[in-house]
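Here is what each chain is made of, one letter per residue.
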Amino acid sequence: MKLTLDHTQRLNLHALLGAQRTDVGSIRAIWSIQDRVALDADEETAVEVQREVVAGQDRVVWNPALSIQAKEFEFTDAEVARIKTALQSWDSYGAGVDRNWLEPLLRSLFSTELR
């Protein structure tokens, strides 16, 4: 499956996948997805990515006024299943805050299930 992801989707998906609790084999598969969707150094600079620790938790922030071109990624069926599982198990949806990046991703991944 091909997905076109903007930098906000890539950063949030990377974080969401990183929060998964699973076995070592699955973690390695998740790392593979994270490595592909991660922003490179130039992309991070372009959106002013900063890493910080808040209440003992790593957090990535960026300048929302800046953007970079969306990028297309191809995922195997197994990778899509992992992404779907991560999205379905996430319990921190913010209806307003996350909608901009989450709704298009959900529409792409779950379009056949929503019909």
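Cut-offs applied
- For every chain, the first residue of its written sequence is number 1, and the numbers climb from 1 along that sequence.
- Local features in a predicted model are, by the rule used here, given only for residues with pLDDT of at least 70; side-chain atom pairs are given and counted only at 80 or more, and totals for whole chains, interfaces and linings are based on all residues.
- Side-chain descriptors were evaluated using all non-hydrogen atoms of the structure, hydrogens and water having been removed beforehand.
- Axes, fitted as lines to C-alpha atoms, cover a helix only where it is in contact. Angles between the N-to-C directions of the axes lie from 0 to 180 degrees.
- Labels follow the DSSP assignment, with helices taken as runs of H or I lasting at least four residues and strands as runs of E lasting at least two, numbered in each case from the N terminus.
- Any angle that falls under 35 degrees is termed roughly parallel, while one over 145 is termed roughly antiparallel, one within 65 to 115 roughly perpendicular, and all others oblique.
- By the convention used here, residues are in contact when the closest approach between their heavy atoms is within 4.5 Å.
- Remark: nonpolar core denotes a set of buried residues (Ala, Val, Leu, Ile, Met, Phe, Trp, Tyr, Cys) joined through side-chain atoms within 4.5 Å.
- Partly exposed describes any residue whose relative accessible area lies between the buried limit of under 20% and the exposed limit of over 50%, with all areas from a 1.4 Å probe on protein chains only and scaled to the type maximum.
- Think of it this way: a Phe, Tyr or Trp ring, Trp meaning its six-membered ring, pairs with another when their centres are within 6.5 Å, and the plane angle makes it stacked under 30 degrees, edge-to-face over 60, tilted otherwise.
- Here a strand pair is declared whenever DSSP counts at least two bridges between the two strands.

1. Quick notes on the packing of helix α2 (residues 24-37) against helix α4 (residues 77-89)
Across the interface, α2 lies against α4 with an axial gap of 11 Å and an inter-helix angle of 95°. In terms of axis orientation, α2 runs roughly perpendicular to α4. The segment α2 lies against α4, with S26, A29, I30, S32, I33 and R36 engaging E79, R82 and I83.

2. Quick word on the nonpolar core
Core analysis: the largest hydrophobic core is formed by 20 residues, its most contacted members being L5, F75, I83, L87, L105 and L109. Of all the elements in the fold, those that place two or more residues in this core are β1 (2-5), α1 (7-18), α2, α4 and α5 (99-114). It is α5 that contributes the most residues to this core, five residues altogether. With sequence-adjacent residues up to four places away left out, L109 is seen in contact with M1, L3, V80, I83, K84 and L87.

3. A short note on the packing of aromatic side chains
Under the counting rule described, the total for this entry stands at one aromatic pair. Between F73 and F75, the aromatic rings sit 6.2 Å apart at their centres with planes inclined by 25°, giving stacked as the arrangement. When its relative accessible area of 2% is taken as the criterion, F75 is described as buried.

4. Section: the environment of L3
Relative to the assigned elements, L3 resides in strand β1. Taking the C-alpha atoms as reference points, L3 and E72, separated by 69 residues in sequence, lie 5.6 Å from one another. Every residue in contact with L3, bar those within four places of it in the chain, is listed here: K71, E72, F73, F75, L105, S108 and L109.

5. Concerning unusual backbone geometry
Residue E48 is not a glycine yet carries a positive backbone phi of 55°. With respect to the helices and strands, the residue E48 is situated in the loop between α3 (41-46) and β2 (50-54). One non-glycine residue, A55, lies in positive phi territory at about 50°. By the secondary structure assignment, A55 is in the loop between β2 and β3 (57-61). Accessibility expressed as a relative area gives 80% for A55, which makes it exposed.

6. Description of the pairing of β2
In terms of strand pairing, β2 meets β3 through five bridges, oriented antiparallel. In the strand pairing of β3, R51 is matched with V60. Connecting the antiparallel pair β2 and β3 is a turn made up of two residues, with A55 showing a positive phi of about 50°.

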